[in-house]
Amino acid sequence: MKNYNFSVISHQSSVISFRRRRVGFTLIELLIYFGLFSIVTLIITTLFFDISRFWAFAQKTDALQDNARTIFTNLTQTIRSAQNVNSPQIGQTSSFLELNNQTTKFYLEDKSLKRNDQGTINGLINNQVEIDNLEFTRIQNPDGKPTVQIKATLKAKTILGPEEPETLNFQTTVSLR
Amino acid sequence: MSSKNKGQILAEILVALGIISIIIIAVYQLFAVTSQGKEFASRETQATALLQEQLEALKSIREQGWEKLAPGLYYPTINGAIWNPKPIQSPEEAEQIGDYKRYLKIEKVYRDEAGNIAQEGIEDKSTYQVNSYVSWQKPRERTISATTFLTRFRDNLTWVQTTKADFDAGVLQYTETTQVYDGEVQLQGGCQANPQGPWIFDDAFQNTWDIHPSGRNDIKLVNRQQGQVYQGEKALAIVNFHGADSKLRNGENICTIGFSRIEFYAYNSASIEQSFQIGGNWIGKFKEITLSPQSWQLVSIPYEEISGNNEENLNFIFLKPGNYQPDTIFYLDNMTLSGGVGGYFQVGTLTSSIFDAGSSSSFNRIEFSAQTPQNTEVGFQAAASDNPDGPWEFVGPQGTSLDTDLYKNPTGEGIFFGKNIGRYFRYKAFLKSFDGKNTPVLEDVTVNYSP
């Protein structure tokens, strides 16, 4: 009995002393945990935003670049192997280009570049970009082959949120071979 | 024990945070590098397009005329719907297109003796080395470049000489123009179609030369016994001055063209030194001949020294006293023509009129058509100059002015590299007949050039 009481008392006293120490510790700990947790959360959230922004940027850059390269290759090869240039006339600038006795035509429709080969129409760019500006300027080339300067501004369509759309300005000159 | 636990947990958190931050930084770095890479690639696509434009512009400028290009720094600009080179002093003045700057550098090209491009050698005025640059600052400073070698556009312009008037505009020496077809050049001569050597033998003297048409017996042809004449057998001429000119006149049929000298033996019968003067064709040129007493002496005179020139027939020879002594008697014998083979001149030239290409040009090839019978030849030398007054340095395929260094291939030969650039051009045609029996006939000359 005596022993039992003692043991109870000692047990109680030990419980009390434990509780006293544990409460202060838990508060500090919680504060530290919350502090660290919020920092980590903030960093991770920022990281996710950055990743998504980067992803959007990468998508747009890729889209711009792919489309610019497609236009560049297609126009360059077609003009180089063309027999003649029908429009624009020498010294003039227009938004379309006619080649090979007007059987090949490049033109802008709904902000997209189209190519018409004797009635067969193909789009040269995909739906991720649109063309803001397209100019074909015929440069005079005395004693030489017809020469065309191409200027285009490509704009990437917004993929995520109302962010600033990326653009790519593109300028080159091609002459018949 | 509890306090020990607490420290452990903090340390773990710190370590975990450290690791997480390292990972996050790494991920950021990865994105940053990747995004920069994407931007680089995107920049390069645009820069390549600009570089290609610059090269196209360069070709367009070349096609307007080679003289539009010169060593230096330029950028191409469209002026009046045409590409023009805009000279700049340094790369800082390069053309700015959006975020890009571009310019090109034109440099001279040298070639070694094998014709390969080398650091040193002969300057090739028909080739330039062109370095083309496009550079940008963002996201980091970068430049892309391309090197090309630009040569004159082979425009295949030609200068053709074919009519008699074309050839007459040049300078003819021992050659003449004819109009059998549409104008040709051939060697002078041919009055002896088939010469058999010298015509004026002592024993055939009378047949080819007449004496004293005035009737005075200044010169007599006589027959003598062998031994009294120089080498022949019978005939020789006795010249007996009576104070007047003595004459020998050749007969109708003689043709001296193709020879350049007259030779004979002369004998002074006096016991002292005597002289006489000899002239030809009544033009007042005389040459004094001094003879030792009582000996035969060879007299050999380029007949241009006594006559006009050896393109003219030598029709007359006049003899007159030098230091006149009454009744002096000379003997002449063994008179021949030499310094040629007779018939046609062995070498004649046509130095063409001056061709003006309008701007500094490269003269590439020379072609011709000619008839070349046996033992004849036609060849050319060429000269280019930036000045219509010359100097004209005619050279052949070896780059020398020797009359054996000639372009002889009718289907065309490249003009000696290094001496083929200029605004003005002349050729010199050499017509040769090795035996005088036939003449080559030059019909037309074509010179290919690239402005």
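Residues numbered from 1 in each chain as written. Chains lettered and ligands numbered in written order. Predicted model: local features only at pLDDT ≥ 70, side-chain atom pairs only at ≥ 80, totals over all residues.

Novice: Describe the overall build of chain A, and please don't skip the residues or the numbers.
Specialist: The secondary structure content of chain A amounts to one helix and nine strands. Reading chain A from its N end, one meets helices and strands in the order α-β-β-β-β-β-β-β-β-β. A total of 177 residues make up chain A; the buried ones form 22% of that total. Within chain A, residue pairs in contact and separated by at least 24 positions form 52% of the contacts whose partners lie at least 6 positions apart. (Helix = DSSP H or I, 4+ residues; strand = E, 2+ residues; numbered from the N terminus. Buried ≥ 20, exposed ≤ 12 C-beta atoms within 10 Å, placed from the backbone. Contact = placed C-beta atoms within 7 Å.)

Novice: Give a description of the interface of chain A and chain B that names residues and reports values.
Specialist: How big an interface is tends to be stated in terms of accessible area lost as the parts join. If you look at the interface, chain A gives 33 residues, while chain B gives 29 residues. Those elements that provide at least two residues to the side of chain A that touches chain B are α1 (2–80) and β9 (167–175) of chain A. When grouped by side-chain class, the residues that make up the side of chain A that touches chain B number 18 nonpolar, 12 polar and three charged. (Nonpolar A, V, L, I, M, F, W, Y, C, P; charged D, E, K, R; others polar.)

Novice: Any chance you could break down the environment of B:Gln294 for me, citing the residues and the numbers?
Specialist: Residue and element names in this part refer to chain B. Secondary-structure assignment places Gln 294 in the loop between β18 (286–291) and β19 (296–302). For Gln 294 and Glu 273, which are 21 residues apart along the polypeptide, the C-alpha to C-alpha distance reads 8.7 Å. Not counting the four nearest positions on each side in its chain, Gln 294 is found in contact with Asn 268, Ser 269 and Ser 271.

Novice: Break down the pairing of strand β6 (residues 122–136) of chain B for me, with residues and values.
Specialist: Residue and element names in this part refer to chain B. Looking at chain direction, strand β4 (residues 100–111) and β6 are connected through 12 bridges and run antiparallel. Residue Glu 107 lies in a different strand from β6, and its bridge partner there is Gln 129. Of the strand pairs in this sheet, β6 and strand β7 (residues 142–151) are connected by 10 bridges, and their pairing is antiparallel. Looking at the pairing, Val 130 lines up with Thr 148 of β7. (Pairing = 2+ DSSP bridges.)

Novice: Residues and numbers for the sheet that holds strand β3 (residues 97–99) of chain A, please.
Specialist: All names here are of chain A. The strand order across the open sheet built from five strands is β1-β3-β4-β5-β6, with neighbouring strands paired in antiparallel fashion. Of all the strands in the sheet, the pair left with one neighbour each is β1 (85–87) and β6 (120–123). Ignoring strand direction, the axes of neighbouring strands in this sheet form an average angle of 25°. Sheet topology note: the strand β4 (residues 104–109)/strand β5 (residues 112–117) ladder contains six bridges and is antiparallel. Bridging across to β5, Lys 105 finds its partner in Asn 116. (Axes fitted to C-alpha atoms, helices over the stretch in contact; angles between N-to-C directions.)

Novice: Which residues make up the sheet that holds strand β7 (residues 129–139) of chain A, and what values do they have?
Specialist: Sheet strands pair by backbone hydrogen bonding; their relative direction is either parallel or antiparallel. All names here are of chain A. Strand order in the open sheet formed by four strands is β2-β7-β8-β9, and the pairing between neighbours is antiparallel. Here the strands that pair on one side only, and so sit at the sheet edges, are β2 (93–94) and β9. Inspection of the sheet shows strand β8 (residues 147–156) paired to β9 by nine bridges, in the antiparallel sense. Opposite Ala 152, over in β9, you have Phe 170 as the bridge partner.

Novice: Could you give me a rundown of the nonpolar core, with the residues and numbers involved?
Specialist: Counting 47 residues, the largest nonpolar core has A:Leu154 and B:Leu104 as its most contacted members. When near neighbours in sequence (up to four residues on either side) are disregarded, A:Leu154 contacts A:Leu64, A:Asn67, A:Ala68, A:Val129, A:Ile131, A:Thr167, A:Leu168 and A:Phe170. If you look at the next biggest cluster of nonpolar residues, it comprises 34 residues, including B:Leu187, B:Ile366, B:Leu406 and B:Ile421. (Core = buried A, V, L, I, M, F, W, Y, C linked by C-beta atoms within 7 Å.)

Novice: Break down unusual backbone geometry for me, citing the residues and quoting the values.
Specialist: Most of the time, phi is negative for any residue but glycine, and the peptide bond is trans. With an omega of 5°, the peptide bond running from A:Ser87 to A:Pro88 counts as cis. Structurally, A:Pro88 is set in the loop between β1 and β2. The peptide bond linking B:Gly390 to B:Pro391 adopts the cis configuration, its omega dihedral lying at 5°. Notably, A:Asp110 is not glycine yet its phi reads approximately 50°, a positive angle. By the secondary structure assignment, A:Asp110 is in the loop between β4 and β5. Unlike most non-glycine residues, B:Gln294 shows phi in positive territory, near 50°. The exposure class of B:Gln294 is exposed, given the 11 C-beta atoms found within 10 Å.

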